[in-house]
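Examining the three-dimensional arrangement
Here is how the chains run, residue by residue.
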Amino acid sequence: MKLTLRVWRQKNADAPGAMATYEVDGISEDMSFLEMLDTLNEELILRGEDPVAFDHDCREGICGACSLVINGDAHGPERTTSCQLHMRSFEDGDTIDVEPWRAAAFPVVRDLVVDRSAFDRIIQAGGYISAPTGSAPEAHATPVPKADADFAFEHAECIGCGACVAACPNGSAMLFTSAKVNHLNVLPQGAPERETRVLDMVRVMDEEGFGGCTLTGECATACPKGIPLPSIAAMNKEWLRANRKAPRRG
Amino acid sequence: MALASRTDRKPSLPRTFWRSTVGKKTVMAVSGLIMIAYLVAHVMGNLKVFFGPGEFNAYGHWLRTMGEPVLHYEWGLWITRVVLLTAVIAHGVSAYQLSRRDIRARPTAYVHKRRHASYATRTMRWGGVIVALFIVWHILDLTTLTVNPNAQAGHPYENVVATFSTWYGNVIYIVAMLAVGLHIRHGFWSAAQTLGVGNASRDRALKALANGLALVLTAGFVSVPVAVMTGVVS
Ligand code: HEM
Ligand code: SF4
Ligand code: FES
């Protein structure tokens, strides 16, 4: 395949950026999107130019590092991660636009790489349980109803990639935060921090400058792990409940 | 353990709500639902226009005596007005502040533009502004009678017929009611999500309810200008 790529190039966080046009040839439709970018980068290096910086790690769709907006869609046209997107989803001769995640809370570091540490700070605010670590507990010691286990697993699938924020017209992190809150709040292991978790994570989410939810649904459409839109309603319910229950001082 | 310290000094409940995007959205949802409940009562009152001036004007008079003898003359009406005004202001201010925040949260647009969410979803902000402007016009027209062509206090039937005997009266009301219908279509369902009532199994029912509510309210309101235009009501 022969393709025309228009890629966002930006030297660093403060430099202005712009789309740059490149031609790539000899692309197989079995290549992943990232391998196609590798091919481009090899050529750029041979020509003595700076390769295009992009985030990636596992290339198996499980780590959440890859983060490309492809033709305006976070992670491109299929419901998967950028690394698991294959070139057979495109036609020979296509022009493909590649841009970084866009959100005030995710500043561009370089080219297609953005700083997603705002997500880490949301997790630090409550995305954990205070169980003692050590040897693994006996598996049947804490029974979990099947429906709750399924609900927790569904939300535990979130890989923290940030596609939901990138797709949201408000740069909102509600889908990500709801996945993390719902995953832990439904389980007995998460019960001790059930109220503080949702209150603190939502507060830090707001402090980090993410927008609010207008229930547009773009997040759930973009999510490679299929975190559903009603997860946000479930978190809202937890937030309202926590405000009724949590002790209040001063 | 160092974990439990974050929420030790917590601000008051109203403060928590007003500061949080989730809390402010709750304010929007509750005030929006109050306004929708009012619109349901309002459309039922409007439809009395089809039973002639006697019944419609008597209904207009009852609005002033409702709640008597517990309440004084017109107190019930004034309480309703205060509640509605509070709801409109709370809703509008929250909408404005959240919208400002949302725009700041996404300062750079994508170069590659693409399809977007549904029409009702995309028009919430401008649709809301149209509705707000309409509320002002509506009060000047049929409450204070400032801009009404008939302007006869105590004769709402005749004033309504006069409004819908002008082309601009019809245009303003019909456009505004279409905007209200779209707003409620996305708004009612959104409010269910914001208040945590929505979930996957209820989603279809909630969407159907939102569409039904929007359709019934819009059709009910629009039927009045259409009836005057076609001479069914005169
Ligand atoms: C003052 C004029 C108004 C403005 C500026 C306005 C604006 C808005 C905006 C921006 C939203 C959020 C949209 C979103 O989340 O996508 C909204 C939601 C809503 N509006 Fe309005 N609106 C107005 C009047 C009304 C009226 C008259 C009603 C009642 C019939 C209403 C009912 C609702 C409801 C129920 C919601 C859903 C709240 C939620 O998202 O949880 N609004 N409005
Ligand atoms: S909710 Fe989905 S899109 Fe958002 S961070 Fe998690 S996996 Fe990525
Ligand atoms: S590189 Fe790990 S999910 Fe794509």
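Residues numbered from 1 in each chain as written. Chains lettered and ligands numbered in written order. Predicted model: local features only at pLDDT ≥ 70, side-chain atom pairs only at ≥ 80, totals over all residues. Heavy atoms only, no water.

1. Description of the domain arrangement of chain A
Residues and elements named next belong to chain A. Test applied: Boundary definitions for the domains trace back to an automatic or database domain assignment. Computed with a 1.4 Å rolling probe, the buried area is the accessible surface lost when two parts are put together, summed over both parts. In what follows, salt bridge is the name for a side-chain nitrogen of Lys or Arg lying within 4 Å of a carboxyl oxygen of Asp or Glu. Think of a polar contact as two N or O atoms within 3.5 Å of one another; within protein, one of them needs to be a possible hydrogen donor and the other a possible acceptor, and neighboring residues in sequence only count if both atoms come from side chains.
When the domains of chain A are assigned, the result is domain 1 (3-110) and domain 2 (116-249). Averaged C-alpha coordinates put domain 1 and domain 2 at centres separated by 29 Å. Buried area between domain 1 and domain 2, both sides added, is near 1,400 Å², and the carbon and sulfur share of it is 60%. Area buried by domain 1 at its contact with domain 2 is led by Arg79, Ala105 and Phe106, which between them contribute 41% of it. At the boundary of domain 1 and domain 2, one finds one salt bridge. A salt bridge links Arg116 to Asp55; the nearest nitrogen and oxygen atoms lie 3.1 Å apart. Here domain 1 is connected to domain 2 by nine residue pairs in polar contact (both at pLDDT 80 or more).

2. Details of the pattern of salt bridges
Cut-off, in case you're wondering: Helix numbering and strand numbering both begin at the N terminus, where a helix is a DSSP run of H or I of at least 4 residues and a strand a DSSP run of E of at least 2. Buried residues are those whose accessible area, probed at 1.4 Å on protein chains only, stays under 20% of the maximum for their type, while exposed residues exceed 50% and partly exposed ones sit between those limits.
Across all of its chains, the model carries 21 salt bridges over all chains by this definition. Among the salt bridges present, the one from Glu238 of chain A reaches Arg194 of chain A, with a minimum N-O distance of 2.8 Å. Here Glu238 of chain A, found in helix H8 (residues 230-245), pairs with Arg194 of chain A, found in helix H6 (residues 194-207); they are 44 residues apart in sequence, far enough to count as distant. The shortest N-O distance in the salt bridge between Asp203 of chain B and Lys207 of chain B comes to 3.2 Å. One end of the pair, Asp203 of chain B, and the other, Lys207 of chain B, are both in helix H9 (residues 203-229), four residues apart, so they sit about a helical turn from each other. For Lys207 of chain B, a relative accessible area of 42% translates into the label partly exposed. The network of salt bridges with shared partners includes Lys11, Asp50 and Arg110 of chain A.

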